[in-house]
Amino acid sequence: MKKGLILLLITLLVMAFVSGCAKKPTKEIEETQTAVNNVISEGLGKYSPDDEKKLKDALAAAMEEIKTQEGKTFKNFDKAKQMLADVKKNAEELKASLPQKKEAAKQNALQAQEGAKASVEEAKSLLAKAPKGKGTAADIEALRGDVKGLEDSLNEVQSLIEKEEFIEASNKANAIKEKATGVSNQIKEAMEKIKAKKPAKK
Amino acid sequence: MKFLTLFSLIIIILNGCFKSELSLPEVDLLEKQYYNLWKAQAHLYLPIEFNLYQERIKKAKNHLREIESKLFFLRDYNPVQKEFIEILKQGEELSKSLEIELQRRSLLILQRINKIEDKIKNLNNFTLNANEGINLRRNLTKSEILLYEGRSLYERGRYIDSEEKLNNVEKYLDESEKKMSKILNRFKEINQIEKWKKWAKEAIHDSKKGYSILIIKIERKMIIYKDEKPIKIYPIGLGLRGLSDKYHAKDYATPEGRYKVIRKNPKSKYYKALLINYPNEEDIREFYKAKTKGLIPKTAKIGGLIEIHGGGSNSITYGCISLDNEQMEELYGLVDEGVPVTIVGALN
């Protein structure tokens, strides 16, 4: 009787352990992978590459833990489940914060685009005041080519924004702004030279 | 017997479920090292080395897993611990190599940026001085913007992205240089240079009888000779496509050949002017030859009214030669109708 009780107790103990740790958390794995894929496909890497790496690594660590448990006679996936839950939670939080990051990058890009546009417009209006055709100073004529190049690049900023490449768009817009300011200064200098030469004609 | 069974079962359970972590301290260190190397972009700059390192980590972890799947009193961590220590050393080596690689790339990018800046400067000077290739400046501006982006990426340590931008800059600059070469090739032809040299000699020889004007387009200068000696040198402005030879009206090129002053205009729109006898006989011959060969439009006219006038040596013209007004005044006083005017592309 006593022997039977002990055996029953042992069997129950083994069953408890085996049933407690044997099940591979397939559902949790799928849900976590989906959450991670969602946030990555929405551009996490573009706006926060470090977060993307950490997330991927955390998922890989959880999967490794599952692999470790699978190699064991008596499996315990509790830790893996907890890891997966943490990854999923993190992925969801990152996904929730992504629109803000995206919006901030978009606003930066739009602001930079406006700045670049204004600078190019300034250069264009200065050129409009400069003499045209025969007798035009060579440098002013050359600067017309520069303004055309600025306009081309400005169009590239717009297409980058349309493709949601906000960071790249901001960089380009800032570069255009700097170059356009330089062109405006050169136009002013060329006009000054022309003005300075005029009295000599008298 | 029953106690032995119970003891064994407890051992198995403890072994299986409660000791599930990869329990060496080196594992944590290695993970941190791996993450730092990844963050420093070792996977991008040293992909082969990084992959080998990654593979070794994977293997070592599998070994550790194998050990941990054994009964805990049968586990011998020493070999796998050594393996982890070696990988950590490999990681340190990788980190050093990465530093060297980053320095190397940084230096290369800087050299490329400097080279590109020089190229842009040269093209910039060319387009400004020769009036040619104003369209080239469109590409030049785009190159400058890309260079700015490339430099800014470089400064942020994003060397690969920076290199990509610089590749694009070089593409634009190569296109510009090709277009520039088309314009300049004529100036490398020996026969052409010999012809211009001959004209220049004749022009200098003419100065024995009086003033003789020699214009060298590529140098953008006018030399006045008297008794075979240069007495004045003036900077000049040329046509919008000043470096090309003139074939027809509205091609905005400045003609090349031996001409003479045929009329003096004291009240030109461009201060004062000396009209030359373009087109001369050779120009007319070349014009019809080009037309027959289909090199110029069928409806093209040969044009005329090529002058040396004032308005500024920095001016763009439709094919005339422009001088600063003070120098035009001086020249106008020096020369009379009939004075020879020789226009050449280059002399060397």
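Here, residues in each chain are numbered from 1, in the same order as that chain's written sequence. Whichever chain is written first is A, and whichever ligand is written first is 1; the rest continue in order. Only residues with pLDDT of at least 70 get local features here, since the model is predicted, and only at 80 or more are side-chain atom pairs given and counted; chain-wide, interface and lining totals rely on the full set of residues.

J.: For this particular structure, what's the right way to read the overall build of chain B?
T.: Counting its secondary structure elements, chain B contains ten helices and eight strands. Note on method: radius of gyration uses C-alpha positions; expected globular size equals 2.2 Å times residues raised to 0.38. Against the globule reference of 20 Å for 348 residues, chain B gives a C-alpha radius of gyration of 38 Å, more extended than a compact globule. Here the C-alpha coordinates of chain B stretch approximately 135 × 40 × 35 Å along the principal axes. For chain B, the residues scored as buried account for 41% of the 348 residues in total. Residues are treated as contacting if the C-beta atoms built from their backbones sit within 7 Å of each other. A sequence separation of at least 24 residues applies to 64% of the contacts in chain B between residues at least 6 apart. Secondary structure counts use DSSP, requiring at least four H or I residues in a row for a helix and at least two E residues in a row for a strand, with both numbered from the N terminus. Exposure criterion: with C-beta atoms placed from backbone coordinates, a residue whose C-beta has 20 or more other C-beta atoms within 10 Å is buried, one with 12 or fewer is exposed, and one in between is partly exposed.

J.: Help me out: how do you make sense of the overall build of chain A in this one?
T.: When its secondary structure is counted, chain A shows seven helices and zero strands. Reading the secondary structure of chain A in the N-to-C direction produces α-α-α-α-α-α-α. Across the 202 residues that make up chain A, the buried fraction comes to 35%. Long-range pairs, those at least 24 residues apart, make up 77% of the contacts in chain A with a sequence separation of at least 6.

J.: Honestly, unusual backbone geometry in this entry has me stumped. Any pointers?
T.: With glycine set apart, most residues show a phi of negative sign, and most peptide bonds adopt trans. All names here are of chain B. With omega at 0 degrees, the peptide bond leading from Tyr278 into Pro279 counts as cis. If you trace the backbone, Pro279 turns up in the loop between β5 (271-276) and α9 (281-292). The phi dihedral of Asp227 is positive, around 55 degrees, even though this residue is not glycine. Structurally, Asp227 can be placed in the loop between β2 (221-226) and β3 (229-235). Judged by the 12 C-beta atoms lying within 10 Å of it, Asp227 is exposed. Phi at Tyr252 takes a positive value of approximately 55 degrees, unusual for a residue other than glycine. Structurally, Tyr252 can be placed in the loop between β3 and β4 (257-268).

J.: Teacher, can you tell me more about the domain arrangement of chain B here?
T.: Quoted interface sizes are often the accessible area lost when the parts come together. As far as domains go, chain B holds domain 1 (22-188) and domain 2 (189-344). Just the C-alpha atoms count here: the centres of domain 1 of chain B and domain 2 of chain B sit 55 Å apart. For the purposes of this description, domain bounds are those given by an automatic or database domain assignment.

J.: Looking at this structure, I do not really get the sheet that holds β2 of chain B. What am I missing?
T.: Either a parallel or an antiparallel arrangement is found when strands of a sheet pair, and the pairing is made through backbone hydrogen bonds. All names here are of chain B. Across the sheet, which stays open at both edges, the eight strands sit in the order β3-β2-β1-β8-β4-β5-β6-β7 with mixed pairing between neighbours. The open sheet has two edge strands with one neighbour each: β3 and β7 (321-322). Pairing of β4 with β5, which is carried by five bridges, proceeds in the antiparallel orientation. From the neighbouring strand, Asn265 faces β5, where its bridge partner is Ala273. Every angle, taken between N-to-C directions, lies between 0 and 180 degrees, and every axis is a line fitted to C-alpha atoms, over only the stretch in contact when it is a helix. Sheet contacts for helix α10 (residues 325-334): β2, β3, β4, β5 and β6 (307-309); angle to β5, the most-contacted strand, approximately 50 degrees. Here a strand pair is declared whenever DSSP counts at least two bridges between the two strands.

J.: Whenever I open this one, the packing of helix α5 (residues 78-129) of chain A against helix α6 (residues 138-162) of chain A confuses me. Can you help?
T.: Helix packing geometry: the angle between the two helix axes and the distance between the axes. Residue and element names in this part refer to chain A. The contact between α5 and α6 brings their axes to 10 Å, and the two run at 160 degrees. What the angle tells us is that α5 and α6 run roughly antiparallel. Handedness of the crossing formed by α5 with α6: left-handed. The residues of α6 that touch α5, namely those facing Ala109, Gln113, Ala116, Lys117, Val120, Ala123, Lys124 and Leu127, are Leu143, Arg144, Val147, Leu150, Glu151, Leu154, Val157 and Ile161. Under this scheme an angle from 65 to 115 degrees is roughly perpendicular, one under 35 degrees roughly parallel, and one over 145 degrees roughly antiparallel; angles in between are oblique. With the far helix as reference, a near helix turned anticlockwise by less than a right angle produces a left-handed crossing, and one turned clockwise produces a right-handed crossing.

J.: Mind showing me how you'd approach the pairing of strand β8 (residues 340-344) of chain B here?
T.: A regular strand places its side chains so that they alternate between the two faces of the sheet. Residue and element names in this part refer to chain B. Among the five residues of β8, five are classified as buried, and the element is accordingly described as predominantly covered. Burial of the side chains of β8 extends over both faces: Pro340, Thr342 and Val344 are buried on one face and Val341 and Ile343 on the other. Sheet analysis places strand β1 (residues 212-216) next to β8, joined by four bridges and oriented parallel. By the bridge assignment, Ile216 is partnered in β8 with Val344.

J.: Any chance you could explain the nonpolar core here in plain terms?
T.: Generally speaking, soluble globular proteins have nonpolar side chains that are buried together. Core membership is restricted to buried Ala, Val, Leu, Ile, Met, Phe, Trp, Tyr and Cys residues, and these are joined into a nonpolar core through C-beta atoms within 7 Å. Of all hydrophobic cores here, the largest spans 46 residues; its most connected members are Ala116, Ala123, Leu143, Leu150, Val157, Ile176 and Ile187 of chain A. Secondary structure elements with two or more residues in this core: α5, α6 and α7 (166-201) of chain A together with α5 (78-129), α6 (136-155) and α7 (159-184) of chain B. For this core, the element with the highest residue contribution is α6 of chain A, accounting for ten residues. Those residues in contact with Leu150 of chain A, other than ones at most four positions away along the chain, are Val120, Ala123, Ile176, Lys179, Ala180 and Val183 of chain A together with Thr141 of chain B. Of all hydrophobic cores here, the second largest spans 37 residues; its members include Ile213, Tyr225, Leu274 and Ile276 of chain B.

J.: Sorry if this is basic, but what is going on with the confidence of the model for chain B here?
T.: Any residue range with low pLDDT should be treated as having predicted coordinates unsuitable for detailed reading. Residues and elements named next belong to chain B. Scored from 0 to 100, pLDDT reflects the predictor's confidence in each residue. Scored by pLDDT, chain B has a mean of 88; 92% of the residues are at 70 or more. Within the model, the stretch residues 16-21 combines pLDDT values under 50 with 14 contacts to residues more than four positions away or in other chains. For this predicted complex, the interface confidence reaches an ipTM of 0.71, while the overall pTM sits at 0.72.

J.: Would you mind showing me how to read helix α2 (residues 25-39) of chain B here?
T.: Working note: α-helix, 3.6 residues per turn, so residues spaced by three or four point in the same direction. Residue and element names in this part refer to chain B. The terminal C-alpha atoms of α2, which comprises 15 residues, lie 22 Å apart, in line with the 21 Å expected from a rise of 1.5 Å per residue. All of the buried residues in α2 are Glu26, Leu30, Gln33, Tyr34 and Leu37. The buried residues of α2 occupy an angular sector of 105 degrees when the element is viewed end-on, so they sit on one face. Turned more than 90 degrees away from the buried face of α2, the exposed residues are Pro25, Asp28, Lys32 and Asn36. Taken from the residues just after α2, Gln41 is the one with a positive phi, measuring 65 degrees. Multiply 1.5 Å by the residue count of a helix minus one, and that product is the helix's expected span. The arc in question is formed by the directions pointing from the helix axis toward the C-beta atoms.

J.: Explain the packing of α6 of chain A against α6 of chain B to me, please; I cannot follow it from the model alone.
T.: The N-to-C vectors of α6 of chain A and α6 of chain B enclose an angle of 50 degrees; their axes lie 7 Å apart at closest approach. One finds that α6 of chain A runs oblique with respect to α6 of chain B. At the point where α6 of chain A passes α6 of chain B, the crossing takes the right-handed sense. Mapping the contact onto sequence places Ala142, Gly145, Asp146, Lys148, Gly149, Leu150, Asp152 and Ser153 of chain A in α6 of chain A and Arg137, Arg138, Asn139, Leu140, Thr141, Lys142 and Ile145 of chain B in α6 of chain B. Each residue is assigned to one class: nonpolar for Ala, Val, Leu, Ile, Met, Phe, Trp, Tyr, Cys and Pro, charged for Asp, Glu, Lys and Arg, and polar for all the others, Gly among them. In terms of residue class, the contact of α6 of chain A with α6 of chain B is made up of four nonpolar, five polar and six charged.

J.: Even after reading the chapter, I still don't get the environment of Glu30 of chain A, so can you show me in this structure?
T.: Residue and element names in this part refer to chain A. In this fold, Glu30 is placed in helix α2 (residues 26-41). Judged by the 11 C-beta atoms lying within 10 Å of it, Glu30 is exposed. Along the backbone, Glu30 and Leu84 are 54 residues apart, and their C-alpha atoms lie at a distance of 9.7 Å.

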